[in-house]
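# Structure at a glance
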Amino acid sequence: MHEKRRLLRTAVYAAQRAADLIADAARPNPSTWDVKGASDFATQIDRDAEQRIAEAVLREYPDATVLGEELTPDGIHRGLVWVVDPLDGTTNFLHGYPAFGVSVAAVLDGAPAVGVVIDVARGLTYQASAGGGAWCGDQPLRVSQIHDPAFALVGTGFPFKRIDLLPQYLRQFDTILRSTSGIRRAGSAALDLVYVAAGIFDGFWELSLAPWDVAAGTLIAREAGAVVTDLAGDEDVIRQGPIVAGNPAMHRWLLDRLTD
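These remarks concern the structure in this document. Numbering of residues begins from 1 in every chain and follows the order in which that chain's sequence is written. Owing to the predicted nature of the model, reporting of local features is limited to residues with pLDDT of at least 70; listing and counting of side-chain atom pairs is limited to 80 or more, with chain, interface and lining totals taken over all residues. Only hydrogens and water are set aside; all other atoms, that is, all heavy atoms of the structure, feed into the side-chain values.

### Notes on the overall build of the protein
Tallying secondary structure elements over the protein gives 7 helices and 14 strands in all. Classification of the 260 residues of the protein by burial places 53% in the buried group. Should any heavy atoms of two residues lie within 4.5 Å, those residues are counted as being in contact. For the protein, long-range pairs separated by at least 24 residues make up 63% of all intrachain contacts whose partners lie at least 6 apart in sequence. Residue-level accessible areas treat just the shown protein chains as cover; the underlying method is Shrake-Rupley with a 1.4 Å probe. For the protein, the accessible surface area stands at approximately 11,200 Å², while carbon and sulfur atoms represent 52% of it. Charge assignment in this entry is limited to Lys and Arg as positive and Asp and Glu as negative, and neither His nor the chain termini are counted. A single reference atom marks each charge: NZ on Lys, CZ on Arg, CG on Asp, CD on Glu. Of note, the protein has its 23 positive side-chain charges centred 2 Å away from the centre of its 33 negative side-chain charges. A run of H or I in DSSP becomes a helix once it reaches four residues, and a run of E becomes a strand once it reaches two; helices and strands are each numbered from the N terminus. Only protein chains enter the area calculation, which uses a 1.4 Å probe; residues under 20% of their type maximum are buried, those over 50% are exposed, and those in between are partly exposed.

Given below as structure tokens:
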């Protein structure tokens, strides 16, 4: 337990260092944006934020590995791996749309041990440790109690990096929209998952996400009572692929509809 507290303290500190940099940064001129792919950008702010996180975690755990979106995207390793997204929702940040965050998770031999997501625009810190519950500040997080899809609000993400998945996604979107009270797309999977944890979203799905998108948010959601799997129901989601999350009833309903 002492080690998890140390890991969580390190994760919070590292994430806050990145969040402070982002909050103080001016939106960069579009001429300086790096185009990683269609509708997928990075800036020096992303890289500087990841460097801040890496320096903070490696100072405490020099033998660990850092797996980050911008500087070290080379796969999950054994042992202690810090899986980080220094700015989840870069496009939102670049346009001044207030839905972007910092995600830091400590993954031990493939299993998330602690996770921190900071909603930078709102100044909210979500955190969890395995077996220790999930929190936003000093408030415990619990998933919603909505079991009837007709009353449910569901989050989603568009497969903008995998346009080949768009026909499948649009069929799913049609099915879910017809049966729920609404669908929202904020553009940050890390925030989507903590919204499930906080009971804001009753469920969430996306077809193509990377480990750094989901590592911290998955642990926070699970510690708040959510079920998080891939489309096959596999709980190993800290990898490239789809994700389905929700309170137990809504997760089952979503999984059934998305795979029908």
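### Digging into a nonpolar patch on the surface
Together, Ile163, Leu166 and Leu170 make up an exposed nonpolar region whose accessible area comes to about 260 Å². Along the chain, the position of leucine 170 falls in helix 4 (residues 166-179). Take leucine 170: its relative accessible area is 47%, and that puts it in the partly exposed class. Patches were defined on residues exceeding 30% relative accessible area and lacking a salt bridge, with like-charge contacts within 9 Å and nonpolar side-chain contacts (Val, Leu, Ile, Met, Phe, Trp, Tyr) within 5 Å. The salt bridge criterion pairs a side-chain nitrogen of Lys or Arg with a carboxyl oxygen of Asp or Glu, the two atoms within 4 Å.

### Description of the side chain of histidine 251
Relative to the helices and strands, histidine 251 is located in helix 7 (residues 248-258). For histidine 251, a relative accessible area of 4% translates into the label buried. Those residues in contact with histidine 251, other than ones at most four positions away along the chain, are Val227, Val228, Thr229, Val244, Ala245 and Gly246.

### Structural notes on unusual backbone geometry
Residue aspartate 109 is not a glycine yet carries a positive backbone phi of 50°. Tracing the sequence through the fold places aspartate 109 in the loop between strand 5 (101-108) and strand 6 (111-119). Accessibility expressed as a relative area gives 43% for aspartate 109, which makes it partly exposed.

### Section: the sheet that holds strand 3 (residues 65-68)
Pairing is mixed in the open sheet, where 7 strands are placed in the order 3-4-5-6-7-8-9. The open sheet terminates on both sides in strands that have one partner only, identified here as strand 3 and strand 9 (139-140). Pairing between two strands requires that DSSP report at least two bridges joining them. The pairing of strand 3 with strand 4 (residues 80-88) spans 4 bridges and is classified as parallel. By the bridge assignment for strand 4, valine 66 is matched with tryptophan 82. Lines fitted to C-alpha atoms define the axes, with helix axes restricted to the stretch in contact, and inter-axis angles between N-to-C directions lie between 0 and 180 degrees. Relative to strand 6, helix 5 (residues 189-197) is tilted by about 100°, and along the sheet it contacts strand 4, strand 5, strand 6 and strand 7 (124-129).

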